[in-house]
Amino acid sequence: MTDNLAISDDKTSSQQIINEFVVRFANTNGTGSASANNMFAKAISRMGIPVSAKNIFPSNIQGMPTWYEVRISQKNYLGRRGGKAEMIVAMNAQSLNDDINTVKTGGYILYDSSRALSDNQIRSDINYLGMPISNICLKEYRDPRQRQLFKNVIYVGALAALLCMDFALLKALVRDQFKGKEKLITPNIYALELGYQYANEHFICPLAIKVESRDLIDNRILVDGNTAVGLGAVYGGATVVGWYPITPSTSVIEKFSSYCHRLRIDPASGKKNYAIIQVEDELAAIGVAIGAGWNGARAFTATSGPGVSLMTEFLGLAYFTEVPMVLVNVQRSGPSTGMPTRTQQSDILACAYASHGDTKQILLFPHSPTECFDFSAQAFDIAEQLQTPVIIMSDLDLGMNEHLSEAFSWQDDKRYDQGKVLTAEQLDEVEVFGRYLDVDDDGICYRTLPGTHPEKGAFFNRGTSRNRFAGYTEKSADYVDNMERLTKKFNSAIKFLPEPEIQQGKKTAPLALIYFGTSSHPIAEAIDQLQEQGLATDTLRIKAFPFHQQIEQFIDEHCLKNKQVFVIEQNRDAQMKSLLVNELQIDPNKLTSILNFDGLPITSDFIVQTVLAQLASPQLNKKVG
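Draft legend 1. Expanded view of helix 4 (residues 144–162). For helix 4, built from 19 residues, the straight-helix expectation of 27 Å at 1.5 Å per residue is met to within 8% by its first-to-last C-alpha distance of 27 Å. Where helix 4 bends most, at Phe-150, the angle is about 25 degrees. The opening residue of helix 4, the one whose side-chain oxygen lies 2.7 Å from the backbone nitrogen of Arg-145, is Asp-143. Once helix 4 ends, the next one or two residues include Cys-164, with phi positive near 65 degrees.

Draft legend 2. Representation of the pattern of salt bridges within the structure. Overall, the coordinates contain 28 salt bridges when judged by the stated rule. With a closest N to O distance of 2.8 Å, Asp-481 and Arg-468 form a salt bridge. Placement of Asp-481 in helix 15 (residues 476–492) and of Arg-468 in the loop between helix 14 (424–428) and helix 15 is noted, with a sequence separation of 13 residues between them.

Draft legend 3. Layout of the sheet that holds strand 6 (residues 103–112). Read from one edge of the open sheet, 6 strands run 3-4-2-5-6-7, paired in mixed fashion. The open sheet is flanked by strand 3 (51–56) and strand 7 (127–131), the only strands paired with a single partner. Recorded for the sheet is a direction-independent mean angle of 15 degrees between the axes of neighbouring strands. Seen against the sheet, helix 1 (residues 33–46) touches strand 2 (20–28), strand 3 and strand 4 (65–73) and runs at an angle of roughly 0 degrees to strand 4.

Draft legend 4. View of the packing of helix 1 against helix 5 (residues 167–177). Contact geometry for helix 1 and helix 5: axes closest at 10 Å, N-to-C directions at 125 degrees. One element, helix 1, and the other, helix 5, form an angle in the oblique class. Once helix 1 is placed against helix 5, the crossing between them reads as right-handed. The residues of helix 5 that touch helix 1, namely those facing Ser-35, Met-39, Lys-42, Ala-43 and Arg-46, are Leu-169, Leu-170, Leu-173, Val-174, Asp-176 and Gln-177. Here the residues of the contact of helix 1 with helix 5 are counted per class, giving 6 nonpolar, 2 polar and 3 charged.

Draft legend 5. Layout of helix 16 (residues 523–532). All of the buried residues along helix 16 are Ile-523, Glu-525, Ala-526, Gln-529 and Leu-530. On an axial view of helix 16, the arc spanned by its buried residues comes to 155 degrees, and they lie on one face.

Draft legend 6. Representation of the domain arrangement of the chain within the structure. One can read the domain layout of the chain as domain 1 (5–210), domain 2 (223–406), domain 3 (424–495) and domain 4 (501–621). Facing the 26 residues of domain 2 at the interface are 26 residues of domain 4. Buried area between domain 2 and domain 4, both sides added, is near 2,100 Å², and the carbon and sulfur share of it is 55%. In terms of surface lost to domain 4, no three residues of domain 2 exceed Gln-345, Phe-365 and His-367, which account for 31% of the buried area on that side. Summed over the shared surface of domain 2 and domain 4, the result is 3 salt bridges. With a closest N to O distance of 2.9 Å, Glu-371 and Arg-541 form a salt bridge. In this structure, the connection of domain 2 to domain 4 is made through 18 residue pairs in polar contact (both at pLDDT 80 or more). Looking at the side of domain 2 that touches domain 4, the elements that each hand over two or more residues are helix 11 (348–352), strand 14 (362–364), helix 12 (369–386) and helix 13 (396–400). Grouping the constituent residues of the side of domain 2 that touches domain 4 by class yields 12 nonpolar, 8 polar and 6 charged.

About the criteria used
- Residues numbered from 1 in each chain as written.
- Predicted model: local features only at pLDDT ≥ 70, side-chain atom pairs only at ≥ 80, totals over all residues.
- Heavy atoms only, no water.
- Helix = DSSP H or I, 4+ residues; strand = E, 2+ residues; numbered from the N terminus.
- Expected span 1.5 Å × (residues − 1).
- Bend = angle between axes of the 7 residues up to and from the residue.
- Polar contact = N/O pair within 3.5 Å; in protein donor to acceptor, adjacent residues only side chain to side chain.
- Salt bridge = Lys/Arg side-chain N within 4 Å of Asp/Glu carboxyl O.
- Pairing = 2+ DSSP bridges.
- Axes fitted to C-alpha atoms, helices over the stretch in contact; angles between N-to-C directions.
- Contact = heavy atoms within 4.5 Å.
- Parallel < 35°, antiparallel > 145°, perpendicular 65-115°, else oblique.
- Left-handed = near helix turned anticlockwise from the far one by under 90°.
- Nonpolar A, V, L, I, M, F, W, Y, C, P; charged D, E, K, R; others polar.
- Buried < 20%, exposed > 50% of the residue type's maximum accessible area, 1.4 Å probe, protein only.
- Arc of directions from axis to C-beta.
- Domains from an automatic or database assignment.
- Buried area = accessible area lost by both parts, 1.4 Å probe.

In structure tokens, the structure reads:
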């Protein structure tokens, strides 16, 4: 066995690495490490350095290995880098061997040396920073729970010394984090100081990798997508939620509830101006949202893939009866239970065509917490303007990880758009009301809300076929008339939806990348890497379905000039490519897929390597030549 190893001969190059490296924390699930690791990431951000954090955790409650990757990048590369890390904080004996192997050559491993390493755990090409954290905690704390919790804070303090972090800023962050719980401030700062002092006394500080304060954050904030969706729903006017908990969407409702508790309590009476109904299953959850939407409330529910599977019958009902509601789908790896705590973009086709029969749903694809806020607020307007469900297609990476994102903004004079809702006065002027009369020839009919008028405007809402006056019928002509109108309405939806984001030079680049959602995070880095290979790139980010005309034009323009068009997505079956081919009637040979479905966020290296491999493929050259 090898005793405590402290750094003596730094195996890194003589050149320092500043503000451009990865720190990966290896912990045990359920030990309270997430809070300390998050504090580390926030401290880097407050030093003005762009940072990206990924929490990779198991689906059980506790006891299994978990990792937290913090990418520090003054180049603003905020996608997951993948590969080996410059620094590993190894606090889990169960995964220690694997963690040692993931240290980059010349990198560092900070480990708990209360237990000595074995000879086979020693690599000659990395630096070992042995710190007896468990023994320190045994000496300092009597309570076993405190020993575990403060162990995490101690190694953050050590990192502050090792990486030359602003220690005063870190202490200020503790004070902010425990504001209102003052009794916790002093012991947490003391734990930070224990680690900081030990590192300064036993190691060469700072290391060859370190951070230096910059001013590169601007007005950006660190926030997760689920928090942003919850707040966006409040600002979007949502008042009713039907809810059944499921990973990774549960915190959407929790955040919505916490914000409503602050913002939706009547100051005079103290009564809540909202209703959150936790029900027995996903079908009941969407049923609550549909019922509230029919009654005039802005309502939503949140779920993930397995919940969408159960909700499809009611999604078809809302589509066919034309009831507005919003569904937030925080996607995870499937099918079935799949990997509940891993990310994917694998529900695209299931949601686009949710329910049996000829059904098409409105989809929004946010790529950042800012868009989660904007799109969730906007979704309620879109749902009411189109009288149909709107599905927000988030995913676990976006929903549960904190991202550096533009600060949210809101116009205080904004007014909600309920679309074509007839008032009592307007009904007085209507001779005959027909719920499914398309008087404007855009597929969108006028609706009424219950109780609007004592005599006019009532209709029977049904999932069976009906005529223009909501009367039951099984006449083929009436059914065809209704279905064709729904198609017209779906096509009319484009004018209400966000347009794609296109980055294109004056000349058409030899490569084109189409992407959406969290696949956008590594794109900037991938473009730079491809440029280093002499390959210029045009890009298009899809924000919504149905597809805007610009998407088809972008594809046609590049394909006509024999350029390669790649569709980047995080699923096995190329679902977005299939949707593009099906809806735009595109020759599938014009599109080449880049598919990542291992449950981890896609990286720029993966994109670039796949592009280069495809370009070298004789099949691709023949296809586009």
